[in-house]
Amino acid sequence: MSPKPLPDRARIVIVGAGAVGCSLAYHLTKAGERDVVVLEKSGITHGSTWHAAGLVGQLRSKRNLTRLMQHSVELYGRLEAETGQAIDWKPVGSLRLASSPARWSEIRRTASTARSFGFELHLVSAAEAKTLFPYIATQGIAGAAMVPSDGYVDPSSLTQALAKGARAGGARFFEGVRVTGFRVKGRRVVAIETDRGVIACELAANCAGIWARDLGRMAGIDVPAAAVEHQYAVTEKLKDVPKTLPSLRDPDRNFYLKPEVGGFAFGGWESNTKPFGERGVPFDFGRELFPGDWDRFQPIAEGAVSRLPILGEIGMRTLINGPIPISPDGEPILGLAPGRDNLYVACGFTSGIAAAGGAGRAMAHWMLAGEPEYDLWQFDLRRFGRHHVGRDYLHQRGVEAYHRYYLIHWPGEEPAVGRGGRRSPLWGTLKARGAVYGSRFGWERPNWFARPGEKAEDVPSFEGRPSWFQAVAREHKAARESAVVIDQSSFSKFEVEGAGAFRALQAIAAADLDRPAGAVVYTQFCNARGGIEADLTVMRLAEDKFYVVTGSGFGVRDSGWIARHLPADAAIRDVTNAHAVINLAGPRSRRILAAVADEDVGDAALPYMRFRQLRIGYAPVLAARVTYVGELGYELHIPVEYALHVYERLIEAGAPLGLIDAGYRAIESLRLEKGYRYWSSDITPDTDPYEAGLGFAVALGKGEFLGRAALERIERDGPKRKLCCFVLDGDVPVHGSEAILLDGRAVGVTSSAGFGHSIGKYIAYGYLAVADAAAESYVVESFGKPIPARRFAKAPYDPERIKLRG
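Keep in mind that this is a model prediction, so the values were computed, not measured.

### Here we look at the pattern of salt bridges
Part 1 of the reasoning: Within the structure shown, the criterion is met by 54 salt bridges.
Part 2 of the reasoning: For glutamate 82, the salt bridge identified is with arginine 78, shortest N-O distance 3.8 Å. With glutamate 82 and arginine 78 both in helix α2 (residues 63–83), this residue pair falls four residues apart, about one helical turn.
Part 3 of the reasoning: On the accessibility criterion, glutamate 82 (35% relative accessible area) is partly exposed.
Part 4 of the reasoning: In this structure arginine 78 comes out as partly exposed when scored by relative accessible area, which is 42%.
Part 5 of the reasoning: Here aspartate 250 and arginine 307 are joined by a salt bridge, their closest N and O atoms 2.9 Å apart. Here arginine 307 lies in helix α7 (residues 294–307) and aspartate 250 lies in strand β13 (residues 247–250), a separation of 57 residues in the sequence.

### Points about the environment of leucine 536
Part 1 of the reasoning: Residue placement: leucine 536 occurs in strand β24 (residues 532–542).
Part 2 of the reasoning: Leucine 536 sits in the buried class, given a relative accessible area of 3%.
Part 3 of the reasoning: As a C-alpha pair, leucine 536 and leucine 505 span 31 residues in sequence and 12 Å in three-dimensional space.
Part 4 of the reasoning: Here leucine 536 is in contact with Val521, Tyr522, Thr523, Phe525, Val548, Val549, Thr550 and Asp558, once residues within four sequence places are set aside.

### What to know about the sheet that holds strand β5 (residues 122–124)
Part 1 of the reasoning: The mixed open sheet is built from eight strands, whose spatial order is β5-β6-β4-β13-β14-β15-β12-β16. On the outer flanks of this sheet lie β5 and β16 (316–326), each paired with one strand and no other. Mean inter-strand twist for the sheet, computed between neighbouring axes without regard to direction, equals 20°.
Part 2 of the reasoning: Bridge count for strand β12 (residues 226–235) against β16 is ten bridges, and the pairing is antiparallel. Its bridge partner lying in β16, alanine 226 is registered against isoleucine 326.
Part 3 of the reasoning: Each of β4 (94–98), β5 and β6 (143–147) touches helix α3 (residues 101–116); the most contacted strand, β4, lies at about 135° to it.
Part 4 of the reasoning: On the sheet, helix α10 (residues 391–403) packs against β12 and β16 and is oriented at approximately 30° with respect to β12.

### Observations concerning the nonpolar core
Part 1 of the reasoning: Formed by 52 residues in total, the largest nonpolar core has its most connected members in Ile14, Leu24, Leu68, Phe173 and Leu334.
Part 2 of the reasoning: The dominant element in this core, judged by the number of residues it contributes, is helix α9 (residues 352–369), at ten residues.
Part 3 of the reasoning: With sequence-adjacent residues up to four places away left out, leucine 24 is seen in contact with Ile14, Ala205, Cys207, Gly360, Met363, Ala364 and Met367.
Part 4 of the reasoning: Counting residues in hydrophobic clusters, the runner-up holds 36 residues, among them Leu6, Ile199, Ala219 and Phe285.

### Things to note about the environment of alanine 166
Part 1 of the reasoning: Relative to the helices and strands, alanine 166 is located in helix α5 (residues 155–168).
Part 2 of the reasoning: For the pair alanine 166 and alanine 25, spaced 141 residues apart in sequence, the C-alpha separation works out to 5.6 Å.
Part 3 of the reasoning: Setting aside chain neighbours within four positions, we find alanine 166 in contact with Ala25, Tyr26, Thr29, Ala171 and Phe173.

### What about the packing of helix α1 (residues 19–30) against α2?
Part 1 of the reasoning: Orientation of α1 relative to α2, taken along the N-to-C sense of each, is 75°, at an axis distance of 14 Å. The angle between α1 and α2 falls in the class roughly perpendicular. For the pair α1 and α2, contact is made by Tyr26, His27 and Lys30 and by Leu75, Arg78, Leu79 and Glu82, respectively.

### Digging into the packing of α2 against α5
Part 1 of the reasoning: Following both chains from N to C, one finds α2 and α5 inclined at 60°, their axes separated by 10 Å at the closest point. Considered as vectors, α2 and α5 are oriented oblique to each other. Classified by chirality, the crossing of α5 by α2 is left-handed. Side by side, α2 and α5 meet where Leu75, Tyr76, Leu79 and Thr83 of the first sit next to Leu158, Ala161, Leu162, Lys164 and Gly165 of the second.
Part 2 of the reasoning: Taken together, the residues of the contact of α2 with α5 break down into six nonpolar, two polar and one charged.

### Thoughts on the sheet that holds strand β25 (residues 545–550)
Part 1 of the reasoning: Spatially, five strands are ordered β23-β24-β25-β22-β26 in an open sheet, and the strand pairing comes out antiparallel. Sheet topology places β23 (520–526) and β26 (571–574) at the edges, where each strand pairs with a single neighbour. With strand direction ignored, the average angle separating the axes of adjacent strands in the sheet is 30°.
Part 2 of the reasoning: Bridging between strand β22 (residues 492–497) and β26 involves four bridges; their strand directions are antiparallel. Looking at β26, one finds that valine 496 is bridged to isoleucine 572.
Part 3 of the reasoning: Most of the contacts of helix α14 (residues 555–564) go to β24, to which it runs at about 70°, and overall it touches β22, β23, β24, β25 and β26.

### Side note on the packing of aromatic side chains
What characterises a pair of aromatic rings is the spacing of the ring centres plus the angle enclosed by the ring planes.
Part 1 of the reasoning: Throughout the structure, instances matching the rule amount to 27 aromatic pairs.
Part 2 of the reasoning: Ring geometry for tyrosine 135 versus phenylalanine 264: centroids 5.5 Å apart, planes at 80°, classification edge-to-face. A residue pair is termed long-range when its members are at least 10 positions apart, and tyrosine 135 in the loop between α4 (126–132) and β6 and phenylalanine 264 in strand β15 (residues 263–267) qualify at 129 residues. With respect to burial, tyrosine 135 and phenylalanine 264 carry one shared label: buried.
Part 3 of the reasoning: A centroid spacing of 5.9 Å and a plane angle of 65° characterise the contact between tryptophan 377 and phenylalanine 554, whose relative ring orientation is edge-to-face. Within this pair, whereas tryptophan 377 is found in the loop between α9 and α10, its partner phenylalanine 554 is found in the loop between β25 and α14, the two being separated by 177 residues in sequence.
Part 4 of the reasoning: For tryptophan 377, a relative accessible area of 8% translates into the label buried.
Part 5 of the reasoning: Phenylalanine 554 sits in the buried class, given a relative accessible area of 8%.

Procedures and definitions
Residues numbered from 1 in each chain as written. Predicted model: local features only at pLDDT ≥ 70, side-chain atom pairs only at ≥ 80, totals over all residues. Heavy atoms only, no water. Salt bridge = Lys/Arg side-chain N within 4 Å of Asp/Glu carboxyl O. Helix = DSSP H or I, 4+ residues; strand = E, 2+ residues; numbered from the N terminus. Buried < 20%, exposed > 50% of the residue type's maximum accessible area, 1.4 Å probe, protein only. Contact = heavy atoms within 4.5 Å. Pairing = 2+ DSSP bridges. Axes fitted to C-alpha atoms, helices over the stretch in contact; angles between N-to-C directions. Core = buried A, V, L, I, M, F, W, Y, C linked by side-chain atoms within 4.5 Å. Parallel < 35°, antiparallel > 145°, perpendicular 65-115°, else oblique. Left-handed = near helix turned anticlockwise from the far one by under 90°. Nonpolar A, V, L, I, M, F, W, Y, C, P; charged D, E, K, R; others polar. Phe/Tyr/Trp six-rings, centres within 6.5 Å; stacked < 30°, edge-to-face > 60°.

Shown next, in the form of structure tokens:
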């Protein structure tokens, strides 16, 4: 029988019929789309879906990520009745054990996050945990968390049900069709080439699982999705396993477990797993497994047997070893592909069954509306850049992310591998001066500096003081009282130039960019809802030329936002690697700069939010008077070949005035005291400038710009919530994502938090409904402990903004 012919066109084409691809097709048809085609090179579920363990856990570190998982649970609860396809959904709950004090701290922190948005989670004792799961030995259990709404499902049946629901809505599935290429015109995919013909499309989605990276290459995009081997064992049958037994996780002993056909299935996250398809996953790989590696699995089995001795008695039936996707940070990859206006990606799902329902729903909305329903930055493809797809980097980070899946996630921890690829010209000099480096977007960035005799090593902590606490206090004090120099060369930097450059930027910036050359403008780019898509500075170099500076990890996102809105007579160019940046800040910074610069840097010659060209020694320098630490300060943008020379001049001139090196951990402490917002935590596409306290940066009177109508309405009616600052009484650390309580009820969650070394107290920020934002006294819950907190109407440090003006 010949295969059914492929249509020559479809409105939407999805490549990949695993759980995520089928979920996307299902949700697109639920939204009313009838012309949806799904292409699958082999068969539905072939790849990673069919051999997945099927656990479904929901709680994540951020509310929106938890919402995505909750959508999966909501769907799985009704899908069988809706489609008539059995999926074996078992909403029996999940039990997570803490077998160490540190893990118990992590779980209690998670419980506070859950409370902040009303997610049901119960902290239980070791004895209560045994009641819930009678097979465990309780020795060493510090406590546990029970999530009643979690469960597990049969992955293949689930995927078939999603496909059946999609077909009922009009979607067409074509199995045995291999994609061989993409036809691209400008920024759009216009057709997909296959071994059975060409199909034109309006929208396309790469849901190809472990093949997503290879498929991305065909379309000219970078998709940093690797594949690694994952193993789990299935035991022999056991009599009378309770049907209500929850799934079990003991991350300290590195295993998960669920009931499986009268026995158990259990697995974990090996430190020495093997990458698969480093040079590309073979397209003829289908419904296949690798030989089980019992030697590699032994540490997981030993950990599981020590917690469930019965596993040592009933015997192992089989060891399943198959490939699963993994991204460099272990999180899924979603969103619109940079450089393409109609190609979307949904891949990299290490826990794809748990996320499939919600991810399909989220991507359907994203494709049809042109933007996500809610902020999903932690999953967004644009958090990655070109260096992430390199074979060495991708697979080193992928294996580490896989291994770290059950390790404790400490506040402020840094990755151990994939390091050293991007270094500023100051790297070696700062390393010799005690720099302890962190990693951001492939860059090595100084986090803090150890003095001679101090151990230059990160030792993080949940409820105590991390190893860098005193060093950051020292750097913070210097920034407030003398001066610091900070290497910020990792800033993402772009030039926008052309006859249409001003017109285009003015049309997407909330602030007014109609300033003379030499102006520095702080602005947001907003979406049509008024949500903040970017937070950056724009410097006008000339009538038709602008210099845009944004955060190290936001360059792909922000430059893409600009590029999508540029006319034909304007262009954007990435100059990140052409310019080093040295931040000179503190009350003595002007004296230091004046000592080394040929030109006048007095207040009249270089006022706040202006820049000018200087010469420092032999080096041409663009000096912008702008600050993110709340003090008089300057960003010095320098051609990379001159960076070390300028640094040496500054150190020589500044040492007698108390100038010292500082790092990014000091920046965080300083900006918290000053109330400066950080995009991705304090401000996101779900928040607008007025509720974030950034209304001063919105120029409604300048004329039309993206988001103006929404912002005009918000300004007229008033925001519905407000970003508040809290100063805490007590020495219990806060790290962000803690519940904010008023009169005993949860009214918000902290967006960012940390220690303010000038005021000697912990500081937290969080959004509250306007009706809840007028009180003076609140409680912030951290690690289950209530901490009295006082709301500050203005920044706790220099609220009148006197010091930054020098």
